[in-house]
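Take a look at the letters that make up each chain.
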Amino acid sequence: MSTGRTFSAFGALLGSLLVLTTVSHADSTEALTASASDSSRIVYANGGRILAVSPDGSDRVALTRKGRVAGSNYAFKLSRKPYDRSPQISPTGKRVLFYRQDEQDDGYVSGLDGKTMVVNASEPSWPREVLPGGPRRHFLNATWMTGGDRLLAVLHEHGRHTRESVVIAGFGGAVKRRILTLRLPGRPRRGQLPVDWKPTQLAASPAGGKFLMALEDQWAGRADRLLLVDIKTGKRKLVAKGASQPRWSSDGKKMIFVAPGHGPEVCPDDSSCRKPFDIFVANANGGQVRRVKSTAYDEQSPSFSPDSAYISFSANVNRPGIDLSRELYRMKSDGTCLDWLTNGVPASRDPDW
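Conventions we followed
- Residues numbered from 1 in each chain as written.
- Predicted model: local features only at pLDDT ≥ 70, side-chain atom pairs only at ≥ 80, totals over all residues.
- Heavy atoms only, no water.
- Helix = DSSP H or I, 4+ residues; strand = E, 2+ residues; numbered from the N terminus.
- Buried < 20%, exposed > 50% of the residue type's maximum accessible area, 1.4 Å probe, protein only.
- Areas by Shrake-Rupley, 256 points an atom, 1.4 Å probe, with all protein chains shown as cover.
- Phe/Tyr/Trp six-rings, centres within 6.5 Å; stacked < 30°, edge-to-face > 60°.
- Lys NZ or Arg CZ within 6 Å of the ring centre and 35° of its normal.
- Salt bridge = Lys/Arg side-chain N within 4 Å of Asp/Glu carboxyl O.
- Pairing = 2+ DSSP bridges.
- pLDDT = per-residue confidence, 0-100.
- Contact = heavy atoms within 4.5 Å.
- Core = buried A, V, L, I, M, F, W, Y, C linked by side-chain atoms within 4.5 Å.

J.: Where do I start with the overall build of the protein chain in this structure?
T.: In terms of helices and strands, the protein chain carries 3 helices and 25 strands. With 353 residues in all, the protein chain has 52% of them scored as buried. Summed over its atoms, the accessible surface of the protein chain is roughly 16,300 Å², and 49% of this surface lies on carbon and sulfur atoms.

Given below as structure tokens:
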């Protein structure tokens, strides 16, 4: 497959949205009723904190930073204030892993000033850091492994020699195993820019034995490829170019990710713009890749419901091209029955089901 090389929540459920094709009130009601008894939760980032809602957008609970909030991740970045982002529900559904970004210097780019945190999923609790770093090492982009007692993460080690490795770590930061180490940028060929690969997202298969790794060319500032990695051997297989934000179905039989689509460019900040993302699904080996739905808006952070019947994601449907207009949506896995789950400001992003 060729996908190209470019790479909050206030209010209850408002109903279905008219996008591309008309969705009738009856269809919307049927879609909501189908999962009304679903006890699962969707967690997401909003206004610098982590929230949880039911699959229909009701029963909203703040898991971190209770109280009044305002702004967006971008606003916090500009003001260099800490904020919480990128939540992930544990395999047992009892805890949420997230990243507490502490904006200092170039922390947003390097991620070195953030902390990997865990909080209870069912009710507010005091978050705790689970992968503490040190003067010469920092953990980045952590994700749950099967069982929920270990984490897959990127270990950034710096000093006389700088390197980044994908490791299996226990709570407390003890490295159990080093799976692979990425080489530092080599000398570029004449007339070419250097390539600086950085792993920006990891996703461990619930079935075990492999994980997805999204690489970004830091020099060019773009997501460039999604790889399927064997945990035992470190052997890598290309799934798609220009793809990122991978997740697995709960049974490990399918993967989901985003890749460039078509529509108005999205400008996450004042210095960069890119093509909007569409959602793609593939089988467990990275084959049979298909686009779930072709839209003119920017879809991000897709994740399957526990039964794989639905997909949650964030998108700028209301104002395509404006990243700060992002809200949470849900649709069936075939791209039909689009439901609008959040409405308001700040923007809602990074959902995980």
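J.: Looking at this structure, how should I read the packing of aromatic side chains?
T.: Within a pair of aromatic rings, the relevant descriptors are the distance that separates the centres and the angle that separates the planes. With the rule as written, the count across this model stands at 5 aromatic pairs. Residues Trp-144 and Phe-171 carry aromatic rings whose centres are separated by 6.1 Å and whose planes lie at 45° to one another, so their mutual orientation is tilted. With a gap of 27 residues between them, Trp-144 in strand β9 (residues 137-144) and Phe-171 in the loop between β11 (163-170) and β12 (175-182) connect regions that are remote in the sequence. Phe-171 gets classed as partly exposed once you look at its relative accessible area, which sits at 28%. Summarising the aromatic geometry, the rings of Phe-257 and Phe-280 are spaced 6.0 Å apart at their centres and angled 10° between planes, so their arrangement reads as stacked. With Phe-257 in strand β18 (residues 254-260) and Phe-280 in strand β19 (residues 277-283), this pair connects stretches of sequence that are 23 residues apart. An aromatic cluster is defined as three or more aromatic residues linked by ring pairs; in this entry it consists of Phe-313, Tyr-329 and Trp-340. For Arg-274, the ring lying beneath its charged end belongs to Phe-277, and the centroid distance is 4.0 Å. Over the aromatic face of Tyr-310 sits the side chain of Arg-330, whose NZ or CZ is 4.7 Å from the ring centroid.

J.: I'm lost on unusual backbone geometry in this one. Help?
T.: Where the residue is not glycine, phi is negative for most of them; where a peptide bond is considered, it is trans in most cases. Located in the positive-phi region is Ser-86, a residue other than glycine, with phi close to 50°. Residue classification places Ser-86 among the partly exposed residues on the basis of a relative accessible area of 27%. Of note, Asp-350 is a non-glycine position whose phi angle comes to about 55°, a positive value. Within the secondary structure, Asp-350 sits in strand β25 (residues 348-352). Taking the relative accessible area as the measure of exposure, Asp-350 reaches 16% and is therefore buried.

J.: Even after reading the chapter, I still don't get the pattern of salt bridges, so can you show me in this structure?
T.: Two side chains bearing opposite charge may form a pair once their charged atoms approach each other closely. Per the counting criterion, the structure on display carries 10 salt bridges. Arg-247 is the salt-bridge partner of Asp-352, the closest N and O atoms lying 3.3 Å from each other. Note that Asp-352 is positioned in strand β25 and Arg-247 in strand β17 (residues 244-248), a separation of 105 residues in sequence. Across the pair Arg-291 and Asp-278 runs a salt bridge, and its minimum N-O distance is 2.8 Å. Of the two residues, Arg-291 sits in strand β20 (residues 290-291) while Asp-278 sits in strand β19, which places them 13 residues apart along the sequence. The class for Asp-278 is buried, based on a relative accessible area of 0%. Each of Arg-65, Asp-84 and Arg-100 takes part in a single network of salt bridges with overlapping partners.

J.: Which parts of the structure should I look at to understand the pairing of strand β3 (residues 49-53)?
T.: When a strand is regular, its side chains alternate between the sheet's two faces. Most of β3 sits inside the fold, with 5 of its 5 residues counted as buried. By the alternation rule, side chains of β3 split into Arg-49, Leu-51 and Val-53 and Ile-50 and Ala-52, which are all buried. Where strand β2 (residues 42-46) lies against β3, 5 bridges are found, and the strand directions are antiparallel. In the sheet register, Ala-45 faces β3, and the bridge partner there is Ile-50. Two successive antiparallel strands, β2 and β3, enclose a turn made up of 2 residues, where Gly-47 displays a positive phi of approximately 60°. Pairing geometry for β3 and strand β4 (residues 61-62), over 2 bridges, is antiparallel. Within the sheet, the bridge partner assigned to Ala-52 lies in β4 and is Val-61.

J.: Could you clarify how one ought to interpret the sheet that holds β25 in this entry?
T.: In any sheet, the strands associate via hydrogen bonds between backbone groups, in a parallel or an antiparallel arrangement. What the 4 strands build is an open sheet, ordered β4-β3-β2-β25; its pairing is antiparallel. Where the open sheet ends on each side, the last strands, each with one partner, are β4 and β25.

J.: Hey, could you run me through the confidence of the model for the protein chain in this one?
T.: Predicted coordinates in areas of low pLDDT are best not read in detail. The predicted model of the protein chain averages 81 in pLDDT, with 76% of residues at 70 or higher. Of the regions scoring below 50 in pLDDT, residues 1-37 engages in 98 contacts with residues more than four places distant in sequence or in other chains. Here residues 105-111 is modelled with pLDDT under 50, and outside its nearest four sequence neighbours on either side it reaches 14 contacts, counting other chains as well.

J.: Even after reading the chapter, I still don't get the nonpolar core, so can you show me in this structure?
T.: Nonpolar side chains in soluble globular proteins tend to end up buried together. Ranked by internal contacts, the top residues of the largest apolar core, which has 18 residues, are Leu-152, Val-166, Ile-179, Leu-180, Leu-202, Phe-211 and Met-213. Where this core is concerned, the elements lending two or more residues are β10 (150-157), β11, β12, β13 (197-204), β14 (210-217) and β15 (222-230). Once residues lying within four places of it in the same chain are set aside, the contact partners of Ile-179 are Leu-152, Val-166, Val-167, Ile-168, Phe-211, Asp-230, Ile-231 and Gly-234. Listed in part, the 16 residues of the second largest apolar core include Val-258, Val-281, Phe-304 and Leu-338.

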